[in-house]
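# Structural overview for review
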Amino acid sequence: AFDIVEDIKLNPPIQLKYINIKQILAMPFKNQDAKWFNPLDIDELKHEQCVADEVVLVDKLDRYKIKGYQEDIYYPAKMQKRNEWMIDNCDILIAVWDGSRGGTCNCVKYCKKQNKEIIRINPSNLSEVSIC
């Protein structure tokens, strides 16, 4: 999704030429890539940090801090807090989700609790799009 928005910003279709679209990178914590092994993933994150209009380090925000855990380092619940920040700061969620359990499932559940619109794209069948 980040790459698609970057492309739209660089080459906007006529109908989006005057829309102010932003790339906001929500990171659960500063050193998110500290334990990553794939150099391509690390390079991609660094690129996103450079071109994003805004980088939000969610674990530094009072509302999303987890008491008793240090900022800037991994803790599993920080991933959910990042998801909550994204939902709290969006109007519509576009979720590419196959229905399985995990982080995206938790994100969709939180979004439903917030009564926000969800557009779900099934990655197994890209023609299957539903609005929840």
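Cut-offs used in this document
- Residues numbered from 1 in each chain as written.
- Predicted model: local features only at pLDDT ≥ 70, side-chain atom pairs only at ≥ 80, totals over all residues.
- Heavy atoms only, no water.
- Patch = residues over 30% accessible without salt bridge, like charges linked within 9 Å, V, L, I, M, F, W, Y side chains within 5 Å.
- Areas by Shrake-Rupley, 256 points an atom, 1.4 Å probe, with all protein chains shown as cover.
- Salt bridge = Lys/Arg side-chain N within 4 Å of Asp/Glu carboxyl O.
- Lys, Arg positive; Asp, Glu negative; His and termini not counted.
- Charge placed at Lys NZ, Arg CZ, Asp CG, Glu CD.
- Helix = DSSP H or I, 4+ residues; strand = E, 2+ residues; numbered from the N terminus.
- Buried < 20%, exposed > 50% of the residue type's maximum accessible area, 1.4 Å probe, protein only.
- Pairing = 2+ DSSP bridges.
- Axes fitted to C-alpha atoms, helices over the stretch in contact; angles between N-to-C directions.
- Contact = heavy atoms within 4.5 Å.
- Right-handed = clockwise from strand over helix to strand, strands pointing away.

Right, let's talk about a positive patch on the surface for a bit. On the surface, Arg101, Lys109, Lys112 and Lys113 cluster together into a positively charged patch. Structurally, Arg101 is set in the loop between β3 (92-96) and α4 (103-113).

On the surface, a cluster of negative charge is contributed by Asp3, Asp7, Asp41, Asp43 and Glu44. If one sorts the elements of the negative patch by residue count, helix α2 (residues 39-51) sits on top with three residues. On the secondary structure map, Asp3 appears in helix α1 (residues 2-10).

A few words now on the environment of Thr104. Inspection of the secondary structure puts Thr104 in helix α4. Among the residues examined, Thr104 registers a relative accessible area of 35% and is labelled partly exposed. With 97 residues separating them along the chain, Thr104 and Asp7 place their C-alpha atoms 24 Å apart.

Note: strands within a sheet are paired through backbone hydrogen bonds, in either parallel or antiparallel orientation. In space, the three strands of this open sheet follow the order β3-β4-β5, with mixed pairing throughout. The sheet terminates laterally at β3 and β5 (129-131), the two strands that pair on one side only. Ignoring strand direction, the axes of neighbouring strands in this sheet form an average angle of 15°. Here strand β4 (residues 117-121) runs beside β5; their pairing, made up of three bridges, is antiparallel. Looking across to β5, one finds that Ile121 is bridged to Val129.

A word on the environment of Gln70. If you trace the backbone, Gln70 turns up in the loop between β2 (54-57) and α3 (77-88). Accessibility expressed as a relative area gives 54% for Gln70, which makes it exposed. For the pair Gln70 and Lys46, spaced 24 residues apart in sequence, the C-alpha to C-alpha distance is 22 Å. Dropping the residues within four chain positions of it, Gln70 is found in contact with Asp59 and Lys78.

In this section: the pairing of β4. Burial along β4 is one-sided: the face carrying Ile118 and Arg120 is buried and the face carrying Glu117, Ile119 and Ile121 is not. Where β3 meets β4, five bridges bridge the pair, whose relative direction is parallel. Considered in β4, the bridge of Leu93 is made with Ile118. Taken together, β3, α4 and β4 form a β-α-β motif whose crossover is right-handed.

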